[in-house]
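Listed below are the residues making up each chain.
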Amino acid sequence: MTEPGDIPASPGEQPALLEAVRALLVPLAQLAVARGLSYAAVDEMVRAAFVAAAHAAHPTLPEHRRVSRVSAATGINRREVTRLVAAQQRATPRVRSYPSEVFAHWISDPLYRDGQGRPLRLPRLGPAPSFESLAQAVTRDMHPRSLLEEMRRLGYAHHDEDDDHVALQIESAVPRGDRARMDQFLGANVGDHLSAAVANVLGDGRQHFEQALFADGLSEQSLQALRPVIAEQWRALTDVLVPMLERLIDTDAKAGVAQEQRVRIGLFSYQAPVDAAPATAPTQNQQPAAAPRRRRDGGKT
């Protein structure tokens, strides 16, 4: 018996699917090795992820049959499935990142920017525009002074005690001094991006907007010219979307409608040397990779 959405890979698709999974696992393994994360720890999470996915794929099954079905779908024994399901139910819920929200508000709200669109240097206290008003526009659950201290710790902001003003120190909301928070960003951003791509592949391709441009045959000088253009496009995107998202959230709250949905919108770039050799030796069912060609195209999942 198959559930809706169960589309097993055909024999012809399996090599391409395995290669796609390998492409995802290589950077994950690189991250784990670089940070001293053991294979055993990752293996535990992989098994838990398989169980969670299989569990969610069969929501109509009675509970007393679901463990057996998950075990059959994943190849993990029933006792282990039961343990992993129980652990998943104890998972820590998501928490808000107030410093990130203040950062986004600061760089996007015209009230807190100058005539050139740059974030203003703000007095710490007082009416808007001030850091106090900025913090209170985001949350009243955390005192502005405590929020400022956290933003200073993360390297977001600098407090000049001589004139009691606060200035934004970085151009992107990635706290370089906090590895744990950087890891959280990595998991959230890449996880949502991958979830969007997978949902499109398993669906009709229209569930999520997920597109990319690709080009090779570039020099390092060309990449240097490209980077500021990408950054400018990101600033233009945030200038439009952050105020719109804030308005939509406020409108939904005032209307009293359910606010159970979330969205993540991103832009990324990646550059690497062109490699003419296949990443791995082709198996019996795989064909050698074609030589790189000069391409200037767009693609979507």
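Model, not experiment: these values are computed from the prediction.

Enquirer: Would you mind going over the overall build of the protein chain with me for this structure?
Expert: When its secondary structure is counted, the protein chain shows nine helices and five strands. What you see in the protein chain, going N to C, is helices and strands ordered as α-α-α-α-α-β-α-α-β-β-α-β-α-β. Every one of the 301 residues in the protein chain was classed for burial, and the buried ones make up 21%. Here the contacts in the protein chain between residues at least 6 apart in sequence split such that 55% fall between residues at least 24 apart. Summed over all atoms, the accessible surface of the protein chain reaches about 21300 Å², with 58% contributed by carbon and sulfur.

Enquirer: Honestly, a nonpolar patch on the surface in this entry has me stumped. Any pointers?
Expert: On the surface, Trp234, Leu237, Met244, Leu245, Leu248, Val263, Ile265 and Leu267 cluster together into a nonpolar patch covering about 650 Å² of accessible area. Mapped onto the secondary structure, leucine 248 falls in helix 9 (residues 220–255).

Enquirer: What exactly am I supposed to notice about the side chain of serine 100 here?
Expert: Considering the arrangement of structural elements, one finds serine 100 in helix 5 (residues 98–108). For serine 100, a relative accessible area of 14% puts it in the buried group.

Enquirer: Where do I start with the confidence of the model for the protein chain in this structure?
Expert: Caution applies to low-pLDDT regions: their predicted coordinates should not be interpreted in detail. Put simply, the protein chain has an average pLDDT of 82, and 83% of its residues get 70 or more. Averaged pLDDT values over the elements of the protein chain bottom out at 47 in strand 5 (residues 296–300) and peak at 96 in strand 1 (residues 122–123). Under a pLDDT of 50 for its full length, residues 1–5 has, in the predicted model, eight contacts with residues more than four places off or in other chains.

Enquirer: Is there a simple way to think about the pattern of salt bridges in this case?
Expert: For side chains bearing opposite charge, pairing can occur when the charged atoms are close. All chains considered together, the criterion is met by 19 salt bridges. Here arginine 153 ties to glutamate 150 by a salt bridge, and the two come within 2.8 Å at their closest N and O atoms. One end of the pair, arginine 153, and the other, glutamate 150, are both in helix 7 (residues 144–154), three residues apart, so they sit about a helical turn from each other. Classification of glutamate 150 as buried rests on a relative accessible area of 18%.

Enquirer: Please clarify how the sheet that holds strand 3 (residues 165–168) should be interpreted in this entry.
Expert: Read from one edge to the other, the open sheet built from three strands follows the order 1-3-2, with strand pairing classed as antiparallel. A strand with exactly one partner marks an edge of an open sheet, and here the two such strands are strand 1 and strand 2 (157–160). Of the pairings in the sheet, the one linking strand 1 to strand 3 comprises two bridges and is antiparallel in character. What sits directly across from proline 123, in strand 3, is histidine 165.

About the thresholds
Residues numbered from 1 in each chain as written. Predicted model: local features only at pLDDT ≥ 70, side-chain atom pairs only at ≥ 80, totals over all residues. Heavy atoms only, no water. Helix = DSSP H or I, 4+ residues; strand = E, 2+ residues; numbered from the N terminus. Buried < 20%, exposed > 50% of the residue type's maximum accessible area, 1.4 Å probe, protein only. Contact = heavy atoms within 4.5 Å. Areas by Shrake-Rupley, 256 points an atom, 1.4 Å probe, with all protein chains shown as cover. Patch = residues over 30% accessible without salt bridge, like charges linked within 9 Å, V, L, I, M, F, W, Y side chains within 5 Å. Salt bridge = Lys/Arg side-chain N within 4 Å of Asp/Glu carboxyl O. pLDDT = per-residue confidence, 0-100. Pairing = 2+ DSSP bridges.

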